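# Architecture at a glance
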Amino acid sequence: IGSKDLMSFRVLPKLIDLGIDSFKIEGRMKSLHYIATIVKAYREFIDGYLANKDVNELIEIATNEAKKAENRDSSVGFFEGQVTQEGGLYFDGAEIPPQDFIGIIKGYDEDKKMAILEQRNHFKLPQEFELIQPKGETKIFTLNEVYDEEGNVIVEARHAMQSIYLPIEKVKEYSILRKKNF
């Protein structure tokens, strides 16, 4: 048995109102995609709450975003009372990481006007993507072709850790690219 991942968006306003100004987000043995997605969801939720945005809308947005990185169920843990059997995971298989995480933007080639992606998972084109930036709005776009390091067009990326060039506008380094399946 293992515990479900903690997702406390529903109780976060109460914690903030109590004066708690530091939160631990689990990240041990989690993927880069999971950590980046969850940290951004909490940061945007907290900033939105402090700016007096609608709490229900913030909860919905943050929960939907967090689910994009989950590889197991989540709960609010003990925040809403004693944890029951429903708070645990009972399964016979290994966790399955989401395959929607495509890679990390490692830079931008100003001369070629292309982002440099360190690929992590296989994908075929054309494909619609989401670009999650460290700060700022998530961008959605479609790619029809990308290029390898020699400038050859590729329509299927098969090799993890390969550098791939994306013909897109300049984006922030360490942005995360994932397939848009949601």
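Provided above is the structure to which this section pertains.
Residues numbered from 1 in each chain as written. Predicted model: local features only at pLDDT ≥ 70, side-chain atom pairs only at ≥ 80, totals over all residues. Heavy atoms only, no water.

### Concerning the overall build of the chain
- On a plain count of helices and strands, the chain comes out with three helices and 14 strands.
- For the chain, buried positions account for 42% of its 182 residues.
- Within the chain, contacts between residues separated by at least 24 positions form 67% of all contacts whose residues are at least 6 apart in sequence.
- Working note: accessible area of the chain is about 11,000 Å², and carbon and sulfur atoms make up 50% of it. (Helix = DSSP H or I, 4+ residues; strand = E, 2+ residues; numbered from the N terminus. Buried < 20%, exposed > 50% of the residue type's maximum accessible area, 1.4 Å probe, protein only. Contact = heavy atoms within 4.5 Å. Areas by Shrake-Rupley, 256 points an atom, 1.4 Å probe, with all protein chains shown as cover.)

### A closer look at helix α3 (residues 55-67)
- Between its first and last C-alpha atoms α3 spans 18 Å; for 13 residues at 1.5 Å apiece the expected length is 18 Å, and the two agree.
- Of the residues making up α3, those classed as buried are Leu58, Ile59, Ala62, Thr63, Glu65 and Ala66. Buried positions in α3, seen along its axis, are confined to an arc of 165 degrees and lie on one side of it. Seen from the buried face of α3, the exposed residues on the opposite side, beyond 90 degrees, are Asn56 and Glu60. (Expected span 1.5 Å × (residues − 1). Arc of directions from axis to C-beta.)

### Let's talk about the packing of aromatic side chains
- Counted according to the given criterion, the structure contains four aromatic pairs.
- Where Phe9 meets Phe45, the ring centres are 5.7 Å apart and the plane angle is 40 degrees; that geometry is what we call tilted. Residue Phe9 is found in the loop between β2 (5-6) and α1 (12-17), and its partner Phe45 is found in helix α2 (residues 32-50); the two are separated by 36 residues along the sequence. Accessibility assignment for this pair places Phe9 and Phe45 in one class, buried.
- A ring pair is formed by Phe123 and Phe129, whose centres lie 5.5 Å apart and whose planes are at 90 degrees; its orientation type is edge-to-face. (Phe/Tyr/Trp six-rings, centres within 6.5 Å; stacked < 30°, edge-to-face > 60°.)

### Comments concerning the side chain of Glu65
- Mapped onto the secondary structure, Glu65 falls in helix α3.
- Assessed through its relative accessible area of 18%, Glu65 is described here as buried.
- Apart from the residues lying within four places of it in its own chain, the contact partners of Glu65 are Thr37, Ala41, Ile132 and Arg178.

### Quick notes on the side chain of Asp148
- Inspection of the secondary structure puts Asp148 in the loop between β10 (146-147) and β11 (153-154).
- Lys112 is the oppositely charged side chain nearest to the buried, salt-bridge-free Asp148, at an N-O distance of 8.2 Å.
- Of note is the side chain of Asp148, whose polar atom sits 2.8 Å from the backbone nitrogen of Asn152.
- If we skip the residues at most four places from it in the chain, Asp148 touches Ile154, Gln162, Ser163 and Tyr165. (Lys, Arg positive; Asp, Glu negative; His and termini not counted. Salt bridge = Lys/Arg side-chain N within 4 Å of Asp/Glu carboxyl O. Polar contact = N/O pair within 3.5 Å; in protein donor to acceptor, adjacent residues only side chain to side chain.)

### A closer look at the packing of α2 against α3
- Two elements in contact, α2 and α3, have axes whose closest approach is 9 Å; the angle formed by their N-to-C orientations is 175 degrees. Of the possible angle classes, the one that applies to α2 and α3 is roughly antiparallel. Counted together, Thr37, Ile38, Ala41, Glu44, Phe45, Gly48 and Tyr49 of α2 and Val55, Leu58, Ile59, Ala62, Glu65 and Ala66 of α3 form the full contact between these two elements.
- The class makeup of the residues in the contact of α2 with α3 is nine nonpolar, two polar and two charged. (Axes fitted to C-alpha atoms, helices over the stretch in contact; angles between N-to-C directions. Parallel < 35°, antiparallel > 145°, perpendicular 65-115°, else oblique. Nonpolar A, V, L, I, M, F, W, Y, C, P; charged D, E, K, R; others polar.)

### Let's talk about the pattern of salt bridges
- This model, assessed by the stated rule, comprises 11 salt bridges.
- Between Asp47 and Arg43 there is a salt bridge, with its nearest N and O atoms 2.9 Å apart. Of this pair, Asp47 and Arg43 both sit in helix α2, separated by four residues, roughly a single helical turn.
- With a relative accessible area of 44%, Arg43 lands in the partly exposed category.
- For Glu110, the salt bridge goes to Lys113, with nearest N and O atoms at 3.8 Å.
- Here Lys113 falls in the partly exposed class, since its relative accessible area comes to 48%.
- Linked through salt bridges whose partners overlap, the residues forming this network are Glu65, Lys68, Glu130 and Arg178.

Structural measurements only, silent on function.
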